[in-house]
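# Tertiary structure, described
Read off the chains here:
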Amino acid sequence: MQLFYTPTLTPEATSFTFDREESKHIIKVLRKKEGDSIHVTNGLGNLFETVITIASDSKCTVSIQKVHTTAPNKTHLHLAVAPTKMNERYEWFLEKATEIGISEITPILCDNSERTVVKVDRMEKILVSAMKQSNQYFLPKLNEPIRFQKFIDQAYSGQKFIAHCEETNKKSLKEALVKNQNVLVLIGPEGDFSVKEIEMALSNNFIPVTLGATRLRTETAAVVACHSVVFNNE
């Protein structure tokens, strides 16, 4: 099933017209015509079954035939991940985490962060593409970058973990997870969290965890954490 994304669609709508760029893609590239079926999601859990009524490459209009609503996951998974030095690595994490089933992502700027400029617009496009490719109907929420200390001072209802590489007492994330509870996991930059940041997290009731016996890159650690939480709640 090929899936299209339109964030403004509501379950009450009866018809919809794609913008010029998407219309051209549907009619010229995909060679869709009047009467053809198209599946559309708004990224909020709704799947719209539609039929093309106007097949113009500048104005493709569809009639909505049926709307399906999917319930969100019982566990809201939020990963706060430091930007990687190479953009491609962070983009890889965004793609894979979306495919696995992440709910929310926040880029956190840490003491050892080598990259402090983050292009949120580019990240949003990758999330949309991954959602469509994996036939999901919920688009993960992407927050603006935020400094580590400001982020951990925010209130949060659910389990809170920090994955770091310091040789201290840590639990395995898989063993620490409680089924059907919201989860927040902090993943640091290539140089890891600073000792000061770890201490701040612990004082804010974050539980220190390990993601395995080997030292993982930032993006790998984030994907491992994402899979662990989703797998635990299946």
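You'll find the structure just up there.
An account of the accompanying structure is given in this report.

With that out of the way, let us pick up the layout of surface pockets. In this approach a probe as big as a water molecule rolls over the atoms, and the regions it shows empty are the leftover space. For the largest pocket, the calculated volume is near 600 Å³. Every residue lining the largest pocket is counted, 30 residues in all, and those nearest its centre are Asn73, Gly101, Ile102, Ser103 and Phe138. Secondary-structure elements contributing two or more residues to the lining of the largest pocket are helix 2 (87-100) and helix 7 (218-232). Its residues assigned to classes, the lining of the largest pocket comprises 13 nonpolar, 13 polar and 4 charged.

One pass over the full model with this rule turns up 7 salt bridges. The shortest N-O distance in the salt bridge between Lys28 and Asp57 comes to 3.8 Å. With a gap of 29 residues between them, Lys28 in helix 1 (residues 20-29) and Asp57 in the loop between strand 4 (46-56) and strand 5 (59-69) connect regions that are remote in the sequence. Measuring nitrogen to oxygen at the nearest pair gives 3.8 Å for the salt bridge that ties Lys85 to Glu114. Of this pair, Lys85 sits in the loop between strand 6 (77-81) and helix 2 while Glu114 sits in the loop between strand 7 (104-109) and helix 3 (120-133); the two residues are 29 residues apart in sequence, bridging distant segments of the chain.

Quick look at the pairing of strand 13 (residues 207-210) now. The pairing of strand 10 (residues 159-163) with strand 13 spans 3 bridges and is parallel. Its bridge partner being in strand 13, Ile162 is matched across the sheet by Pro208.

Attention shifts here to the pairing of strand 7. Buried residues dominate strand 7, accounting for 6 of its 6 residues. As paired strands, strand 6 and strand 7 are joined by 4 bridges and run parallel to one another. Pairing of Ala80 across the sheet is with Thr106, part of strand 7. A crossover connection joins strand 7 to the parallel strand 8 (residues 141-142) through helix 3; in handedness this β-α-β unit is right-handed.

Before going further, it helps to examine the nonpolar core. Membership of the largest hydrophobic core comes to 33 residues, with the highest contact counts inside it found for Leu79, Phe93, Leu94, Ile105, Phe161 and Ile187. Going through the elements one at a time, strand 6, helix 2, helix 3, strand 10, helix 5 (173-176), strand 12 (183-187) and helix 7 are the ones with two or more residues in this core.

Our focus in this paragraph is the packing of aromatic side chains. Tallying each qualifying case throughout the model produces 4 aromatic pairs. Between Phe16 and Phe18, the ring centres sit 5.2 Å apart and the planes meet at 85 degrees, which makes this aromatic pair edge-to-face. The class of Phe16 is buried, set by a relative accessible area of 18%. A relative accessible area of 3% places Phe18 in the buried class. Through successive ring pairs, a cluster of aromatic residues spans Phe4, Phe16 and Phe18.

The next point concerns helix 3. Helix length check: helix 3, at 14 residues, gives a terminal C-alpha distance of 20 Å against a target of 20 Å (1.5 Å per residue), a fit within 8%. Along helix 3, the residues classified as buried are Val120, Met123, Ile126, Leu127, Val128, Ala130 and Met131. Residues of helix 3 that are buried sit in contact with strand 1 (3-5), strand 3 (37-41), helix 2, strand 7 and strand 8. Positive backbone phi, approximately 55 degrees, marks Asn135, located one or two places after helix 3.

Calculation criteria
Residues numbered from 1 in each chain as written. Predicted model: local features only at pLDDT ≥ 70, side-chain atom pairs only at ≥ 80, totals over all residues. Heavy atoms only, no water. 1 Å grid on protein atoms, 1.4 Å probe; cavity = no way out; pocket = protein on both sides within 12 Å on 5 of 7 lines; lining within 4 Å. Points joined across faces, edges and corners; volume = space filled by probe spheres on them. Helix = DSSP H or I, 4+ residues; strand = E, 2+ residues; numbered from the N terminus. Nonpolar A, V, L, I, M, F, W, Y, C, P; charged D, E, K, R; others polar. Salt bridge = Lys/Arg side-chain N within 4 Å of Asp/Glu carboxyl O. Pairing = 2+ DSSP bridges. Buried < 20%, exposed > 50% of the residue type's maximum accessible area, 1.4 Å probe, protein only. Right-handed = clockwise from strand over helix to strand, strands pointing away. Core = buried A, V, L, I, M, F, W, Y, C linked by side-chain atoms within 4.5 Å. Phe/Tyr/Trp six-rings, centres within 6.5 Å; stacked < 30°, edge-to-face > 60°. Expected span 1.5 Å × (residues − 1). Contact = heavy atoms within 4.5 Å.

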